[in-house]
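Spelled out, the chains give:
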Amino acid sequence: MAREQVPLTPILRRLRRPLYLTWAGLIAERAVRAFWSLWSVLIAVAGLLMLGLHDMLPLEAVWLIAVVVLAVTTVFTVQGLRRFRWPDRDEAVARLDAALPGHPLAALADNQAIGGGDSGSEALWRAHIARMAERAKSAQPVQPDLRLSRRDPFGLRYVALLGLVVALLFGSVWRAGTVTQTLPGGGSALASGPAWEGWVEPPAYTGLPSLYLNDQAGMFRAPEGSRVTIRLYGEVGQLSVAQTVSGQAQETDAATDTEQSFDIAKSGTLQIDGPGGATWRVEAITDAPPDVVIPDTGLDVTFDGQMSQPFEARDDYAVENGTASFKLDMDRVDRRYGLSTKPDPRAPIMLDLPMPITGGRDAFSENLIENLSEHPWAHLPVTLTMSVTDQSGQTGHSEPVEMVLPARKFFDPLAAAVIEQRRDLLWSKDNATRITQLLRAISYEPEQGLFRSETAYLRLRVILRRLETLADTGGGLSDEAQEEIAQALWDLAIILEDGDIGDALERMRAAQERLSEAMKNGASEEEIARLMQELRDATQDYLRQKSMQAQREDDQNGDNQMSEDMQAMNQQDLQEMMDRIQELMEEGRFAEAQQALEEFQQMMENMQVTQGQQGQGGQSPGEQAMEGLAETLRDQQGLSDDAFRDLQEQYNPGGQSGDSQGNDGRGESREGQSGQGQQPGQGQQPGQGDQSAQGQQGGQPGDMAGDLAGRQEALRRELDRQRNNLPGIGGEAGDAARESLDRAGRAMEGAEEALRSDDLAGAIDQQSEAMEALRDGMRNLGEAMAENGQQQQGGQGQAQGQAPGQFGEQDPLGRSQEGVAGDRGQFDQREDIYRRAGELLDEIRRRSGETDRPEIELEYLRRLLDRF
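The model shown is predicted, which means the values in this text are computed figures rather than measured ones. (Residues numbered from 1 in each chain as written. Predicted model: local features only at pLDDT ≥ 70, side-chain atom pairs only at ≥ 80, totals over all residues. Heavy atoms only, no water.)

Caption draft 1: Quick peek at the overall build of the chain. Helix and strand counts for the chain stand at 28 helices and 17 strands. In the chain, the share of contacts with a sequence separation of at least 24, taken over all contacts with a separation of at least 6, comes to 74%. For the chain, the computed accessible surface area is about 43,900 Å², with 51% contributed by carbon and sulfur atoms. (Helix = DSSP H or I, 4+ residues; strand = E, 2+ residues; numbered from the N terminus. Contact = heavy atoms within 4.5 Å. Areas by Shrake-Rupley, 256 points an atom, 1.4 Å probe, with all protein chains shown as cover.)

Structure representation (structure tokens):
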């Protein structure tokens, strides 16, 4: 007989909590799947309302959106109700049982089908039921499946949720309640009746405050472009806006919008119709264009060509920016010489006007500061027009002012001539041929004294050859070539004007010439004052050097007191003369100032003649040291020339043999040149001349390099001896002299090693460095002896007893200018130097363009071109 089973109901009572949770999850699962589209729409709408979208849109648009949202909500609600089916208790039990191993709840609900009455079978069934009951006790709630990825593949529900989160962060829950105001007769507007408020916001650049329309009565004034904003509250249609200030036709439907905005474009009326409305007469304030004026006070120009042009600008509110335009006045251009050709097209000069950094911009005065000295229109007649713009885009212009484009004035005649040719070249590329002819005429017979240094002459010759090469091309000068030549001519003019004078006498003479030219050319007071101060400084430097020399000579003759008295008298006389010259110039008596300047020059020449006639007694140790270093410098220059010719011979055997014979009048052969100034006691040790002579007999590169290395070693040893025998001088200048000579010794040692390695290019570089260091050492040594007051003439010998430029000015190969004015033979020699240097530069330039040459040679040639 079958036994009674364990009932399921007691088990379910014990599983009430997991069963009900599973049941609730099942309800949620079905609700989410049925209504996810509905609550996505509701969340999106709530987010938009919290952000105040309904306040931004016209009322009609709000109503239309509301109708669409209502229709979509109805559709999704009906669709969800049709899909949703309420789960019963048995479905929850089945969901819970399916989650347990062996389905214990279903087993507890079963009956024993066979074996009833069999004690063994019944015992087995009871054991099975007991086991299932134990398993049912471990039941846990089943989590619902709320995933909607298959139903919402685009994640629209997350988009709606994101919008709600943004609304919660940046919107307001209370703002969503204002949607009731859009309903007819709804919200607080129905209780309070219709109302309005408005604002008038002037443009930001005016700096004027906003106007609250509710506080304005009858009439108000506002700038053009002011923004008017009006909000209407209450039932839609009770209030409307009418206006004639925007200049645009107003639609009837838009007149009742709850929020309206427009700009004031002209004077007119503004009216709010309805209960509590108002009417205003609006006067639009016109924004006048800005104005700029160039005063009649004129512009200031500094000695270097920097101009300072004052101007005054004003506007109703603020000037935004401005420009200055310089246009060439062709009617006033003197169309002669290089300006007679048709000019190349060139745009007007446009410069930005400076604006004040602090303070207001409604009315201000400023100065346009610019340096246009390098412009092609420098010193040509131009018309200046200034224009300013305000923030509304209006522009005002000044009256055109005729002027000559301010630029730097060149008082050196040669520099002025170079600048004139530069102007003609920039005026038209067709002037290239004419300019080359004039430059050749200018550079003819340079020994006549136009050029203060060979460097300036050689630079002019290089520019001339470059211009001829570029002008001979089929297409003529390009814009890049024109700018290149113009920049080179400008640099040359600066060198000619400012000079590269190292001694006080030449600086003084140059200052005298510049001051004389400035007075003749009618320079400004500022330029004349600057040149006068330059003359004072150069004269003081010259007198200081002359005083040192006179003191040394008088000490030897025991007449020191008399020298001091005479020197004080000379200084006092010169000072009085310079004061007189400046006084005459300040009074505008330039003719008398010019005569006084000539007298001053004559006095200085007499002092120089007296100085040259002073005794040439025994030399002091300082003089001997300076002369020895000068001899070493000349020997090093000659050695560098030989190394350069050997380098040419390596890559072009026999190509320069004809040029080396009688080169520049320096000797007929290398032996003759190497023997100059290298006698014992003249800067060379005994036996050095024999070594040089022997080394010159070889014809192979190795023999030549070995000979040059031997000569370089002898020079280095001689420099070491001179360094050890320097007079005892101290101070900063003395230390600098020793350091420069040490540097020269190291450079000579490097040149010697390069020569022994047959590296002629590297040796020439080291030799150039050694010569530069020697010059620095000699200059520092002279300063040190002048400071210490020793009885040496060598410290100032460069300015006192030698021709200017003997040590300080070189040609592109580092060789010093030699010769004294008045020696016709040496003039011929210098002319040959110029010719030879120009030929060498042309040959270097030609070889540098041959790509089949060895790379080491090309690299060295490029270094030479970069340097010279």
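Structure's up, so let's keep going.
Caption draft 2: Spotlight on the sheet that holds strand β6 (residues 259-263). If you walk across this open sheet you meet the four strands as β2-β1-β4-β6, and the pairing is antiparallel. Only two strands of the sheet have a single neighbouring strand rather than two, namely β2 (211-212) and β6. Two elements, strand β1 (residues 195-201) and strand β4 (residues 227-233), share seven bridges in a ladder whose sense is antiparallel. For Val 200, the partnering residue across the bridge sits in β4 and is Val 228. (Pairing = 2+ DSSP bridges.)

Caption draft 3: Looking closely at the packing of aromatic side chains. In total, this model carries eight aromatic pairs according to the counting rule given. Ring geometry for Phe 84 and Trp 86: centres 6.1 Å apart, planes at 75°, overall edge-to-face. An aromatic cluster is present here, built from Phe 35, Phe 84 and Trp 86 joined pairwise through their rings. Taking the ring centre of Phe 410 as reference, the NZ or CZ of Arg 408 above it sits at 5.2 Å. (Phe/Tyr/Trp six-rings, centres within 6.5 Å; stacked < 30°, edge-to-face > 60°. Lys NZ or Arg CZ within 6 Å of the ring centre and 35° of its normal.)

Caption draft 4: Molecular detail of the packing of helix α12 (residues 432-442) against helix α13 (residues 454-471). Contact pair α12 / α13: the axes reach a minimum separation of 10 Å and the direction vectors enclose 155°. Here α12 lies roughly antiparallel to α13, going by the angle between them. As α12 packs across α13, the resulting crossing turns out to be left-handed. Of the residues in α13, those touching α12 at Ala 432, Ile 435, Thr 436, Leu 439 and Arg 440 are Leu 460, Arg 461, Leu 464, Arg 465, Leu 467, Glu 468 and Ala 471. Residues belonging to the contact of α12 with α13 are distributed by class as follows: seven nonpolar, one polar and four charged. (Axes fitted to C-alpha atoms, helices over the stretch in contact; angles between N-to-C directions. Parallel < 35°, antiparallel > 145°, perpendicular 65-115°, else oblique. Left-handed = near helix turned anticlockwise from the far one by under 90°. Nonpolar A, V, L, I, M, F, W, Y, C, P; charged D, E, K, R; others polar.)

Caption draft 5: Structural detail: the sheet that holds strand β8 (residues 278-285). Strand order in the open sheet formed by four strands is β3-β8-β7-β5, with mixed pairing between adjacent strands. The two strands at the open ends of the sheet, each matched to only one other strand, are β3 (219-223) and β5 (240-243). Across the sheet, the mean angle from the axis of one strand to that of its neighbour is 25°, orientation sign disregarded. Judged from the four bridges that link them, β5 and strand β7 (residues 268-273) form a sheet pairing that is antiparallel. Bridged to Gln 243 within β7 is Leu 270.

Caption draft 6: The pattern of salt bridges, seen in detail. One pass over the structure, following the stated rule, counts 36 salt bridges. Residue Arg 332 is joined to Glu 402 by a salt bridge in which the shortest nitrogen-to-oxygen separation is 3.7 Å. Taken as a pair, Arg 332 in the loop between β12 (319-328) and β13 (349-352) and Glu 402 in strand β17 (residues 401-404) lie far apart in primary sequence, 70 residues in all. Bridged by salt links that share partners, the residues Glu 713, Arg 716, Arg 717, Asp 720, Arg 723, Asp 742, Glu 752 and Arg 756 form one connected network. (Salt bridge = Lys/Arg side-chain N within 4 Å of Asp/Glu carboxyl O.)

Caption draft 7: View of the pairing of β8. Relative to β8, β3 runs parallel, the two sharing five bridges. Looking at β8, one finds that Met 219 is bridged to Arg 281. Two elements, β7 and β8, share five bridges in a ladder whose sense is antiparallel. The residue of β8 that forms the bridge with Ile 272 is Ala 278. Two successive antiparallel strands, β7 and β8, enclose a turn made up of four residues, where Gly 274 displays a positive phi of approximately 130°.

Caption draft 8: Main features of the packing of helix α11 (residues 413-427) against α12. Following both chains from N to C, one finds α11 and α12 inclined at 170°, their axes separated by 10 Å at the closest point. With respect to α12, the element α11 is oriented roughly antiparallel. Across from Leu 414, Ala 417, Gln 421, Asp 424 and Leu 425 in α11, the residues of α12 making contact are Arg 434, Ile 435, Leu 438, Leu 439 and Ile 442. Of the residues assigned to the contact of α11 with α12, the class counts are seven nonpolar, one polar and two charged.

Caption draft 9: Representation of a nonpolar patch on the surface within the structure. A cluster of nonpolar residues, Leu 51, Tyr 158, Leu 161, Leu 162, Val 165, Val 166, Leu 169 and Phe 170, forms a patch on the protein surface that exposes about 790 Å² of accessible area. As for its placement among the helices and strands, Leu 161 is situated in helix α8 (residues 156-170). In this structure Leu 161 comes out as partly exposed when scored by relative accessible area, which is 40%. (Patch = residues over 30% accessible without salt bridge, like charges linked within 9 Å, V, L, I, M, F, W, Y side chains within 5 Å. Buried < 20%, exposed > 50% of the residue type's maximum accessible area, 1.4 Å probe, protein only.)

Caption draft 10: View of the environment of Arg 332. According to the relative accessible area criterion, Arg 332 is partly exposed, its value standing at 33%. Sequence-wise, Arg 332 and Glu 402 are 70 residues apart; in three dimensions their C-alpha atoms are separated by 9.5 Å. Once residues within four sequence positions are removed from consideration, Arg 332 is found in contact with Pro 381, Val 382, Glu 402 and Met 403.

Caption draft 11: Just the environment of Lys 266, in detail. Relative to the helices and strands, Lys 266 is located in the loop between β6 and β7. Judged by its relative accessible area of 44%, Lys 266 falls in the partly exposed class. Considered as a pair, Lys 266 and Gly 247 are 19 residues apart in the sequence and their alpha carbons are 7.0 Å apart. Look past the residues within four positions of Lys 266 in its chain and what remains in contact with it is Thr 244, Val 245, Gly 247 and Ala 284.

Caption draft 12: View of unusual backbone geometry. Even without a glycine there, the phi angle at His 379 is positive, about 65°. You can see His 379 is positioned in the loop between β14 (363-371) and β15 (381-390). With phi around 65°, Asp 758 is a residue other than glycine that occupies positive phi space. Relative to the elements of secondary structure, Asp 758 occurs in the loop between α24 (731-756) and α25 (760-788).

Caption draft 13: Examining the confidence of the model for the chain more closely. Per-residue confidence for the chain gives a mean pLDDT of 75, with 75% of residues at or over 70. Under a pLDDT of 50 for its full length, residues 555-569 has, in the predicted model, 13 contacts with residues more than four places off or in other chains. Of the regions scoring below 50 in pLDDT, residues 654-702 engages in 80 contacts with residues more than four places distant in sequence or in other chains. (pLDDT = per-residue confidence, 0-100.)

Caption draft 14: Here's a closer look at the side chain of Arg 157. Relative to the assigned elements, Arg 157 resides in helix α8. Reaching out from Arg 157, the side chain makes a polar contact with the side chain of Tyr 158 at a distance of 3.3 Å. In contact with Arg 157, not counting residues within four places along its chain, are Trp 39, Ser 40, Leu 148, Ser 149 and Asp 152. (Polar contact = N/O pair within 3.5 Å; in protein donor to acceptor, adjacent residues only side chain to side chain.)

Caption draft 15: A look at α12. Within α12 the residues assigned to the buried category are Ala 432, Ile 435, Thr 436, Leu 439 and Ile 442. For α12, the arc enclosing every buried residue in end-on projection is 125°, short of the 170-degree limit, so these residues lie on one face. Exposed residues on α12 whose side chains face more than 90 degrees from its buried face are Gln 437 and Ala 441. (Arc of directions from axis to C-beta.)

Caption draft 16: Spotlight on the environment of Pro 141. Assignment of secondary structure puts Pro 141 in the loop between α7 (119-137) and α8. What makes Pro 141 partly exposed here is its relative accessible area of 27%. Distance in space between the C-alpha atoms of Pro 141 and Leu 19 is 6.5 Å, their sequence separation being 122 residues. In this structure Pro 141 touches Arg 17, Pro 18, Leu 21 and Thr 22, once residues within four positions along its chain are discounted.

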